[in-house]
Amino acid sequence: TWTPNSFAETTVANLKAQLGDDKVVLGLSGGVDSSVAAVLLNKAIGKNLYCIFVNNGLLRKNEFESVLKQYEGMGLNVKGVDASARFMKALAGEKDPEKKRKAIGNAFIEVFDDEAHKIENVTWLAQGTIYPDVIESVSVNGGPSAKIKSHHNVGGLPDFMKLKIVEPLRMIFKDEVRRVGASMGIDKELLGRHPFPGPGLAIRILGDVDEEKVRILQEVDAIFIDGLKEHGLYNKVWQAGAMLLPVNSVGVMGDERTYEKVVALRAVESTDGMTADWVNLPYEFLQKTSNNIINKVKGVNRVVYDISSKPPATIEWE
Ligand code: XMP
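Residues numbered from 1 in each chain as written. Predicted model: local features only at pLDDT ≥ 70, side-chain atom pairs only at ≥ 80, totals over all residues.

- The name an unreviewed UniProt entry gives the protein chain is GMP synthase [glutamine-hydrolyzing], with Asprobacillus argus as the organism.
- Regarding the protein chain, the UniProt comment filed under Function (unreviewed entry) reads as follows: "Catalyzes the synthesis of GMP from XMP."
- Its UniProt record gives the protein chain the following Pathway (unreviewed entry) comment, quoted word for word: "Purine metabolism; GMP biosynthesis; GMP from XMP (L-Gln route): step 1/1." (UniProt positions renumbered as here; feature names shortened; annotations may be inferred.)

## As for the overall build of the protein chain
So, point 1. The helix and strand tally for the protein chain stands at eleven helices and nine strands.
So, point 2. Compactness check: the protein chain gives a C-alpha radius of gyration of 20 Å against a globular reference of 20 Å for 318 residues, within 12% of the reference. (Helix = DSSP H or I, 4+ residues; strand = E, 2+ residues; numbered from the N terminus. Rg over C-alpha atoms; globule rule 2.2 N^0.38 Å.)

## Some words on the domain arrangement of the protein chain
So, point 1. Split into domains, the protein chain comes out as domain 1 (4–191) and domain 2 (204–305).
So, point 2. Look at where the C-alpha atoms of domain 1 and domain 2 centre, and you get two points 28 Å apart.
So, point 3. For the side of domain 1 that touches domain 2, the per-class residue count stands at four nonpolar, three polar and four charged. (Domains from an automatic or database assignment. Nonpolar A, V, L, I, M, F, W, Y, C, P; charged D, E, K, R; others polar.)

## Things to note about the sheet that holds strand β1 (residues 23–28)
So, point 1. Within the open sheet, the five strands sit side by side as β3-β2-β1-β4-β5. Their pairing is parallel. Among the strands making up the open sheet, the edge pair consists of β3 (78–82) and β5 (164–166). Strand-to-strand twist of the sheet, defined as the mean angle between neighbouring strand axes without regard to direction, takes the value 30°.
So, point 2. Inspection of the sheet shows strand β4 (residues 122–126) paired to β5 by three bridges, in the parallel sense. Across the sheet, residue Trp 124 finds its bridge partner in β5, namely Lys 164.
So, point 3. Its contacts with the sheet put helix α3 (residues 63–73) on β1, β2 (49–55) and β3, and the angle it makes with β3 is roughly 165°. (Pairing = 2+ DSSP bridges. Axes fitted to C-alpha atoms, helices over the stretch in contact; angles between N-to-C directions. Contact = placed C-beta atoms within 7 Å.)

## A short note on unusual backbone geometry
So, point 1. Of note, the amide linkage connecting Lys 310 to Pro 311 takes the cis form, showing an omega dihedral of -10°.
So, point 2. Within the element layout of this structure, Pro 311 appears in the segment after β9 (300–305).
So, point 3. The omega angle of the peptide bond from Pro 311 to Pro 312 is 5°, so this bond is cis rather than trans.
So, point 4. Relative to the elements of secondary structure, Pro 312 occurs in the segment after β9.
So, point 5. At Asn 121, a position not held by glycine, the phi torsion is positive, near 60°.
So, point 6. Here Asn 121 shows up in the loop between α5 (97–117) and β4.

Put into structure tokens, the structure is as follows:
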């Protein structure tokens, strides 16, 4: 019978045999899949696993620093690369959702390729691909790996793509990945994290992206997500986040008229992201969250809640 322990033991033994003294590079995203893949590989080959965690400047508030620390605490050989400026430049003035995704994907590949080149004699690329990614020809919900795949059709592959591929999770499902991670002692909070898209907050900022908009959305998102955790709602929701709309609305503050941004909150129930229902969050929670956001985040004077299911509405707004 399959148990998380036996899977982990067998996989580590197989990785040892397969990789020997070879060097492996892996892109960590902060998500469950790449983290569990990294821990398995770390058990098998230790310092010969070179993890790269890229800050694209589009992560949640403080996420780069805190997740990097967490990875270091797990004993991973990880390098944090702050490439925010490069991503921001690649996105400047771009309004089209698909072009934004392409710009981010390309910037990621450039940064990853640069970093992979700094590792001497690396011969393998590890990916956190899981079984659903394998069966879906085009994965939308992978981290770095999905972006790498979508780059195949662009031609002129970067050098790191010539590496041999190792995918320790390619035969198992997400819930099994979580159980394997738990059996190896990976932090519950990390294993229970909501899915987060590779392009990050860029596809939750409608229209063009700049640093100020990212800052505003990070504040709003942090209030929403921390609130869900405080109210015991985080684990009841499959995915949640906030969208920054490209419109201003009129409001009042004291006896001043304001003309500021609108944010939309979204929380969904789903099993695989292919279909989703909006979550009936308690009114009291929504009320508190809305007040907190409007009182604490400068530049936002209105909060709305998204009550659309997928299909036809997608989870992300772009
Ligand atoms: P949609 O918005 O298509 O999202 O209903 C379904 C799931 O996929 C995630 N998503 C992405 N993940 N790159 C990713 O890595 C992307 O470009 C991307 N677009 C959407 C989304 O967060 C949700 O979990």
